[in-house]
Amino acid sequence: MMSGEAAIFAFPEEEKIFTWKGTIAGIKDTVFEDTDYKLSLSFPADYPFKPPKDEV
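This is a predicted model, so every value here is computed, not measured.

Conventions used here
- Sequence order as written defines the numbering, with residues in each chain counted from 1.
- Local features in this predicted model are restricted to residues whose pLDDT is 70 or higher, and side-chain atom pairs enter the listing and the counts only when it is 80 or higher, whereas totals over whole chains, interfaces and linings include all residues.
- Based on all heavy atoms of the structure, the side-chain values leave hydrogens and waters out of the count.
- Aromatic rings from Phe, Tyr and Trp, with only the six-membered ring used for Trp, were paired whenever their centres fell within 6.5 Å, and each pair was classed as stacked if the ring planes differed by under 30 degrees, edge-to-face if by over 60, and tilted otherwise.
- Counting from the N terminus, the helices are DSSP H or I runs at least four residues long and the strands are E runs at least two residues long.
- For every residue, the accessible area (1.4 Å probe, protein chains only) is compared with the maximum for its type, and the residue is labelled buried under 20%, exposed over 50%, or partly exposed between those bounds.
- Salt bridges, as used here, are contacts in which a Lys or Arg side-chain nitrogen is within 4 Å of a carboxyl oxygen on Asp or Glu.
- The contact criterion used throughout is that any non-hydrogen atoms of two residues lie within 4.5 Å.

> Residue-level account of the packing of aromatic side chains, with values.
If you walk through the whole model with that rule in mind, you get two aromatic pairs. Ring plane angle 65 degrees and centroid distance 5.9 Å describe the contact between Trp-20 and Phe-43, whose orientation is recorded as edge-to-face. Linking Trp-20 in strand S2 (residues 16-25) with Phe-43 in the loop between strand S3 (36-42) and strand S4 (53-54), this pair joins segments that are 23 residues apart in sequence. Take Trp-20: its relative accessible area is 26%, and that puts it in the partly exposed class. Geometrically, the ring pair formed by Phe-43 and Tyr-47 is edge-to-face, given 4.9 Å between the ring centres and 75 degrees between the ring planes.

Quick look at the structure:
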């Protein structure tokens with residue numbers, strides 16, 4: 001079991017409801033502490049019938 005709590009945030013990018021930006025914060029008291037992982041999700045217009053795509 002890992003100590004600490006994960007912090008995950010994701011919100012639509014400005015007025016683009018199908019494009020989301022987010023952050024996953026490293027868990028406290030692990031080697032990942034003080035590390036933020038950025039993410040971007042693109043939801044297709046026919047979501048939820050097709051899954052979102054990740055953008056690198």
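That covers the picture; the talk isn't over yet.
> Can you explain the pattern of salt bridges? Please cite residues and give values.
Per the counting criterion, the structure on display carries two salt bridges. What emerges from the salt-bridge pattern is a single network uniting Glu-13, Lys-16 and Lys-21.

> Describe the environment of Pro-44, with residues and values.
With respect to the helices and strands, the residue Pro-44 is situated in the loop between S3 and S4. Take Pro-44: its relative accessible area is 17%, and that puts it in the buried class. Placed 25 residues apart in sequence, Pro-44 and Thr-19 show a C-alpha to C-alpha distance of 9.0 Å. With near-sequence residues (within four places) excluded, Pro-44 lies in contact with Phe-18, Lys-50, Pro-51 and Pro-52.

So yeah, pure geometry; function would need other evidence.
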